[in-house]
Amino acid sequence: MIRLEKVSYSYPDGTPALKNINLDIKKGEFVGVIGKNGSGKSTLALLLSGLLRPQTGRVMVRGMDTCDPSKLKGIRKFVGIVFQNPETQFVGRTVEEDLAFGPENLCLPPVEIRKCVDMALAETELEKYRHRSPKTLSGGQRQCVALAGVLAMRPECLIFDEVSSMLDPESGMAVLETIKKLHKKGKTIVYITHNLEELHDADRILVMEKGRIRLDGDPESVFSDTFLQSLGLALPSLTELAEKLRMHGVTIPWEKTSSPQNFAEEICRLFLKT
Amino acid sequence: MPIILENVSFSYSRKTPLETPALRNINLRIEKGEFVGILGEKGAGKSTLTKLFNGLLKPETGKILVDGLDPSSKEVKRKIGMVFQQAADQLFCKTVYQEIAFGPLNFGCSKRETEERVYEAIEAVSLDLTVLTRDPFSLSGGEMQRVAIASALALRPDYLVLDEPITGLDPAGKKEILEALKKIKEKGTAVITVTHNLKGFFPLLETIVLIKEGKIAFQGSRESYLEKGCIPLPPIASMIKELRARGLPVNPATFTVEDALEEILKLKSAFEKENNRN
């Protein structure tokens, strides 16, 4: 689907951002990416979406080399990216206009554009804001507009760069739920975050440090890896609690750490007299 | 003396087709020295509320008094220190020293007094003195946020109002800010913060104000917030609530992983004792 072969990238001032990355993202995968500030997560996102080109190595998006200018339109159609700060990607006066911008640039006929916009509005539940200016919406709503703007181009792969970091947990969850629904419909998702809590259900998690992928595995193995803790990344409270309980001889199975309800259920099963 | 809001309403773009109501009939009282968390979903009106405290926004109807004064008076600007969500937005000087000294100098403090206040503020947020000569924009996100807080503290405010002070910071940066705010509160300054980060803030909050669609949905102590079963709750508190609902005797005031561990281990030993007896 998207493949990185020996990819390195340095900023214009020479600071290396990514070092010799090999990565294969498969169709339909939900890949979580986590790491501290400056670990290279955002650079990875920009390379995956073809917005940055590698200085060494190759990035192939469904067989298209991102360094080949003639493939650019095909790549844009295929991969969409949503950023942390939605403001950076607004262009239209109203939500509707903003959503139409992408499909217009793909030169779709007007009827088709309208369909794309309506579908994107429905998927993000933004219908009632279609005539509002994105500027008059709250932070969370704006993030949804940014997501809808990308959805309107009907990409098969979506990349999210810390989209929830400026939202309240409920709206963060709501955005994540929307993203999970898109995943169920078959979209490939790359989800970058600070918040491990959001990656409990991911198919695969990449942990980045200093421009390298240091861990690559399923959530259960990644969460319990001591390397993660040495990086100072905060574990979700319930995972941390389960980890501490384990040291005291109480084992909480991984699936029970997914929600407070499940966790409490397990504690009751263990310690409530029947 | 407290901050008092009586029947306050506010709309954006008033008397235009884009008029958007933000707050309706807010009655609120915030005492000096409290640690208050303002919670609510996106677009609920939390940030709008804080901007009313010091006159950045004027209420459409209703009355606001800060220690008996009108929020637009100069005295209130000194009494209330504001820190906005993006610290970088409110930093503009060449050095951290100039940044923190800006407020006191504008309020007519002498150079000597200003210097005293800069050192006091930098200490309050536990920043190293060596940052004073640095460019604020060369600092990390957490450090920048602490400079923004120090700038507000340099006016020796009675109320420190913050909008999402730990959003977007990494875990270490979050911890630094939480510790600084705890210390500031202990010295007697009221800390009023808009936050979504219940996991970080819940152990510190004394009073909670929950805003829903422009109205106050809950206002009271953290304990009554738990009792009434309000949401949102941080994961640990939520799990503890579930345990209590299922009849397990755990302390409802359990907010941290360490406390929860202790509570569960108590359950474990009680259970084992019971088993041994049988």
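Residues numbered from 1 in each chain as written. Chains lettered and ligands numbered in written order. Predicted model: local features only at pLDDT ≥ 70, side-chain atom pairs only at ≥ 80, totals over all residues.

Next up on the list: the overall build of chain A. Looking only at helices and strands, one finds ten helices and ten strands in chain A. Considering only C-alpha atoms, chain A reaches an extent of 65 × 45 × 30 Å along its principal axes. With 274 residues in all, chain A has 45% of them scored as buried. Looking at chain A alone, contacts between residues at least 24 apart form 62% of all its contacts between residues at least 6 apart. (Helix = DSSP H or I, 4+ residues; strand = E, 2+ residues; numbered from the N terminus. Buried ≥ 20, exposed ≤ 12 C-beta atoms within 10 Å, placed from the backbone. Contact = placed C-beta atoms within 7 Å.)

As a further point, take the pairing of strand β6 (residues 79-82) of chain A. All names here are of chain A. The alternating pattern of β6 places Val79 and Ile81 and Gly80 and Val82 on opposite faces, both of which are buried. Relative to strand β7 (residues 157-161), β6 runs parallel, the two being bridged by four bridges. Across the sheet, Val79 pairs through a bridge with Cys157, a residue of β7. (Pairing = 2+ DSSP bridges.)

What follows deals with helix α10 (residues 260-271) of chain A. Across its twelve residues, α10(A) extends 16 Å between first and last C-alpha, which sits within 8% of the 16 Å expected from 1.5 Å per residue. Of the positions making up α10(A), those classed as buried are A:Pro260, A:Phe263, A:Ala264, A:Ile267 and A:Phe271. The buried residues of α10(A) occupy an angular sector of 95° when the element is viewed end-on, so they sit on one face. Next to the buried residues of α10(A) lie α9 (237-247) of chain A together with α9 (235-245) and α10 (257-277) of chain B. (Expected span 1.5 Å × (residues − 1). Arc of directions from axis to C-beta.)

Turning to the domain arrangement of chain A, a few remarks are in order. Residues and elements named next belong to chain A. Along its sequence, chain A is organised into domain 1 (2-230) and domain 2 (236-274). Taking only C-alpha atoms, the centre of domain 1 and the centre of domain 2 are 33 Å apart. Opposite the six residues of domain 1 that make contact, domain 2 presents five residues. In the side of domain 1 that touches domain 2, the residues fall into two nonpolar, two polar and two charged. (Domains from an automatic or database assignment. Nonpolar A, V, L, I, M, F, W, Y, C, P; charged D, E, K, R; others polar.)

To continue, consider the packing of helix α3 (residues 96-106) of chain B against helix α4 (residues 111-124) of chain B. Residues and elements named next belong to chain B. At their nearest, the axes of α3 and α4 sit 9 Å apart, and the two run at 125° to each other. Comparing their axes, α4 and α3 come out oblique. Of the two possible hands of crossing, α3 and α4 adopt the one that is right-handed. Taken together, the residues of α4 that come into contact with α3 (itself represented by Tyr97, Ile100, Ala101, Pro104 and Leu105) are Glu113, Thr114, Arg117, Val118, Ala121 and Ile122. Partitioning the contact of α3 with α4 into residue classes produces eight nonpolar, one polar and two charged. (Axes fitted to C-alpha atoms, helices over the stretch in contact; angles between N-to-C directions. Parallel < 35°, antiparallel > 145°, perpendicular 65-115°, else oblique. Left-handed = near helix turned anticlockwise from the far one by under 90°.)

Take the interface of chain B and chain A next. Every contact between the two is made by 31 residues of chain B and, on the other side, 36 residues of chain A. When contributions to the side of chain B that touches chain A are tallied by element, the ones reaching two or more residues are α6 (171-186), α9 and α10 of chain B. Among the elements that make up the side of chain B that touches chain A, the one with the highest residue count is α10(B) (nine residues). Residues belonging to the side of chain B that touches chain A are distributed by class as follows: 16 nonpolar, seven polar and eight charged.

Residues and elements named next belong to chain A. For the pair helix α3 (residues 95-105) and helix α5 (residues 139-151), the least separation of the axes is 7 Å and the interaxial angle reads 35°. At the point where α3 passes α5, the crossing takes the right-handed sense. From α3, Val95, Asp98, Leu99, Phe101 and Gly102 reach across to α5, where they touch Val145, Ala148 and Gly149. Tallied by class, the residues present in the contact of α3 with α5 amount to five nonpolar, two polar and one charged.

Our focus in this paragraph is helix α4 (residues 110-123) of chain A. Since there are 3.6 residues in each turn of an α-helix, residues three or four apart along the chain are aligned in direction. All names here are of chain A. Over its 14 residues, α4 runs 20 Å from end to end, which matches the ideal 20 Å to within 8%, given 1.5 Å per residue. Along α4, the residues that are buried comprise Cys116, Val117, Ala120 and Leu121. Looking straight down α4, one finds its buried side chains confined to an arc of 130°; they lie on one side. Of the exposed residues in α4, the ones pointing more than 90 degrees away from its buried face are Val111 and Ala122. Considering only its buried residues, α4 is in contact with α3 and α5. Within two residues after α4, Glu125 carries a phi angle of roughly 55°, on the positive side.

Our focus in this paragraph is the environment of B:Thr133. Residue and element names in this part refer to chain B. Along the chain, Thr133 turns up in the loop between α4 and α5 (141-153). Considering only alpha carbons, one finds Thr133 and Gly45, 88 residues apart in sequence, at a separation of 38 Å. Not counting residues within four places of it along the chain, the set of residues in contact with Thr133 comprises Thr95 and Tyr97.

Let us now look at the domain arrangement of chain B. All names here are of chain B. The assigned domain composition of chain B is domain 1 (3-233) and domain 2 (234-278). When each unit is reduced to the centre of its C-alpha atoms, the spacing between domain 1 and domain 2 is 35 Å. Across the contact, seven residues belong to domain 1 and nine residues belong to domain 2. Residues that form the side of domain 1 that touches domain 2 fall into these classes: five nonpolar, no polar and two charged.

Grouped together as the largest cluster of nonpolar side chains are 88 residues, with contacts concentrated most on B:Ile100, B:Ala121, B:Ala150, B:Leu153 and B:Leu160. Ranked by the residues each element gives to this core, the list is headed by α5(B), at seven residues. Among residues more than four places away in sequence, those in contact with B:Leu160 are B:Gly81, B:Ala152, B:Leu153, B:Ile184, B:Thr189, B:Ala190 and B:Val191. Counting 70 residues, the second-largest nonpolar core is a separate cluster that includes A:Ile21, A:Leu151, A:Val222 and A:Leu228. (Core = buried A, V, L, I, M, F, W, Y, C linked by C-beta atoms within 7 Å.)

Now for the sheet that holds strand β5 (residues 64-65) of chain A. All names here are of chain A. Here we have four strands laid out as an open sheet, ordered β2-β1-β4-β5, and antiparallel in their pairing. The sheet is open, and its two edges are formed by β2 (16-25) and β5, each paired on a single side. By the bridge criterion, two bridges tie strand β4 (residues 56-61) to β5 in an arrangement that is antiparallel. Bridging from a neighbouring strand, Met60 pairs with Asp65 of β5. Together, β1 (2-10), β2 and β4 form the strand contacts of helix α1 (residues 41-48), whose direction differs from that of β1 by roughly 125°.

This prediction gives chain A a mean pLDDT of 90; 100% of its residues lie at or above 70. When the elements of chain A are averaged for pLDDT, helix α8 (residues 226-230) of chain A gives the smallest value, 82, and strand β8 (residues 188-193) of chain A the largest, 95. (pLDDT = per-residue confidence, 0-100.)

This paragraph deals with the sheet that holds strand β6 (residues 159-163) of chain B. Residue and element names in this part refer to chain B. Spatially, β5-β6-β7-β3-β8-β9 is the arrangement adopted by the six strands of the open sheet, whose pairing is mixed. Looking at strand neighbours, the two that pair on one side only are β5 (80-83) and β9 (215-221), the edges of this open sheet. On average, each strand axis in the sheet is inclined to that of its neighbour by 15°, with strand direction left out of account. Bridge count between strand β3 (residues 35-40) and strand β8 (residues 207-212): five bridges; the pairing is parallel. By the bridge assignment, Leu39 is partnered in β8 with Leu210.

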